[in-house]
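# Understanding the architecture of this molecule
Given next are the chains, with one letter for each unit.
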Amino acid sequence: MEWKTRKIRKVVSGLLVIALLLVSCNSKAGVADAGKLWQRFKENFYRNGAVLDPMNGNRVTSEAEGYTLYLAVKFNDKKTFDETLKWVIDNLMVRDDSLLAWVYKDGKVMDKNNASDGDIFTAYALLLAYEKWKDTFYRNLALRMIEDIKKLIIPLRQFSLVLPGEYGFVEGTYVKLSPAYYIPSAFKKFSEYDDRFFWESVYNDTYTFYSYVQFGSWKLPTDWVYFSLTGKKFFPADEKLGIEAYREVLYILMDKKNPEDSALLPFKNVVKLAKEKGYLPFFVKPLSNEYSDWDALPGFYYVFSYLADDRTKESFRRKAIKLEEKDEKNYYSMVILLLAATIE
C-alpha cells in the first residue's frame, strides 16, 4: 500500500502545481508558480543536460534542447543552462558548421541534418543568457550560429523562406515550409546583434508569410505548406493544422504579447469551434472545416486560452489540468505549457 500512497501523492502534487500555475497565469505570481512546473519538467525529462522524449524512445532533439535553454534563462536557472549547453556542444555540434544535429538517441546522433527551429531557439537563448549573465562566450557562440542560420533563409522580394533544415525541404521547384519554424521574437533579437537590415526584413517577412498561408473559410495555415518557386504561390502540403503549426499562436504571443493582435484573429476561429463543440481539437482541416474528435495537448489548451473570453479561458485551463495527468510522459505538451506560461 505504501507505493500506492506515494504514487497518489505524486499525482496530487503535480496537479496542484498545474492548478497554481493556471489560476495565476496572468500575474507576476504566475511566473513564480510556473517555476514549480519547471522543476517538475526537469524531474520528468531532464537528465544531465539532455531532455528526453519518452513518447519517442527517449530521443533527444535540438528543438527540446533549444526550448530548455530558453526556459532556463526565463527561470534564471544558470546551472541548468550551462549543463544543457555543454551537452549540446558535446553531442549535437557535430556538423561542419555551428548548427546542431537534430536528433540523438541510444548514445549517438541519428541524423546530422539540422532542425532550424532548434538552432534558432538555441541562438536566441544564448543572446538572452548573455544579456542576463554577461558571459561573452554565449554571445560569440550565438553569433556563429546566426551566421549559419542565415544560410538557410532565402530572401525573396515579398517575403523570406526559412528552410526547416539544410536538406530535404527543396523538392524540384517546390519548397516545403512550416509556420512553426518562423520565430519572430528571435529574429527581432538577432537584429540587435547581427545584420540589422537582414533580420528586420526577416522579422517583417514572418508576418507577411503568416498572411500568405491562410487557407479556407477559417483563414488558417496548415502544419506544412509548399511554395512554388515558379508560380510564386503557397499551397497546403497537408490537410491539417495541429501539433506543429498551433505553435504559430505561441510565437506571435511571445513576440506581440497582445491576444488582440491582428495576426492572431484567424486562430479565434479555432477557439470559437472549441466553444461550440466543448473541446479544443487536436487538429482542424482548414480546407474542409473538419476537425478531430479528440482533445489537443494540454499545452495548447493553455496557448489558446489567451485568445478566449474570461469564461472560456478558465474552462480551457481546467481542461489542461485534467489532461495533463494523462500526459505526464509527454515532454512536448509540458514544454509548450511552460513556454506559454512565461509570456510576459
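Reading the values: rules and limits
Residues numbered from 1 in each chain as written. Predicted model: local features only at pLDDT ≥ 70, side-chain atom pairs only at ≥ 80, totals over all residues. Heavy atoms only, no water. Axes fitted to C-alpha atoms, helices over the stretch in contact; angles between N-to-C directions. Helix = DSSP H or I, 4+ residues; strand = E, 2+ residues; numbered from the N terminus. Parallel < 35°, antiparallel > 145°, perpendicular 65-115°, else oblique. Left-handed = near helix turned anticlockwise from the far one by under 90°. Contact = heavy atoms within 4.5 Å. Nonpolar A, V, L, I, M, F, W, Y, C, P; charged D, E, K, R; others polar. Buried < 20%, exposed > 50% of the residue type's maximum accessible area, 1.4 Å probe, protein only. Polar contact = N/O pair within 3.5 Å; in protein donor to acceptor, adjacent residues only side chain to side chain. Phe/Tyr/Trp six-rings, centres within 6.5 Å; stacked < 30°, edge-to-face > 60°. Lys NZ or Arg CZ within 6 Å of the ring centre and 35° of its normal. Core = buried A, V, L, I, M, F, W, Y, C linked by side-chain atoms within 4.5 Å. Pairing = 2+ DSSP bridges.

### Regarding the packing of helix α11 (residues 298-305) against helix α13 (residues 331-341)
At a closest axis distance of 7 Å, the pairing of α11 and α13 adopts a crossing angle of 25°. Here α13 runs roughly parallel to α11, going by the angle between their axes. You can see that α11 and α13 cross each other, and the crossing is left-handed. Across from Pro298, Gly299, Phe300, Tyr302 and Val303 in α11, the residues of α13 making contact are Tyr332, Ser333, Ile336, Leu337, Ala340 and Ala341. When its residues are assigned to classes, the contact of α11 with α13 shows nine nonpolar, two polar and no charged.

### So, the side chain of Asp148
Along the chain, the position of Asp148 falls in helix α6 (residues 136-150). What makes Asp148 buried here is its relative accessible area of 11%. Engagement of the side chain of Asp148 in a polar contact is seen with the side chain of Ser98, the distance being 2.6 Å. In this view, Asp148 contacts Asp97, Ser98 and Leu99; residues no more than four positions away in its chain are not counted.

### Overview of the packing of aromatic side chains
Following the criterion strictly, the structure yields 42 aromatic pairs and no others. One aromatic cluster is present, built from ring pairs that chain together Trp38, Phe41, Phe45, Phe75, Tyr246, Phe267, Phe300, Phe304, Tyr331 and Tyr332. Taking NZ or CZ as reference, Arg139 lies 5.1 Å from the ring centre of Tyr130, over its face.

### Here we look at the nonpolar core
Nonpolar side chains in soluble globular proteins tend to be buried together. In terms of nonpolar packing, the biggest core is built from 112 residues, with Phe81, Phe190, Phe300 and Phe304 touching the most fellow members. Here Phe81 is in contact with Leu69, Ala72, Val73, Ala125, Leu126, Ala129, Trp133 and Tyr138, once residues within four sequence places are set aside.

### A word on the sheet that holds strand β5 (residues 108-111)
Pairing is antiparallel in the open sheet, where three strands are placed in the order β3-β4-β5. The sheet is open, and its two borders are formed by β3 (60-61) and β5, each paired with just one other strand. Two elements, β3 and strand β4 (residues 103-105), share two bridges in a ladder whose sense is antiparallel. Across the sheet, Thr61 pairs through a bridge with Val103, a residue of β4.

### With respect to the pairing of strand β10 (residues 225-228)
Across the two faces of β10 the burial is the same, with Val225 and Phe227 and Tyr226 and Ser228 all buried. Pairing geometry for strand β9 (residues 174-177) and β10, over four bridges, is antiparallel. Bridge pairing links Lys176 to Tyr226 in β10. Remark: five residues form the turn of the hairpin made by β10 and strand β11 (residues 234-236), two consecutive strands paired antiparallel; Lys232 in that turn has positive phi of roughly 55°.

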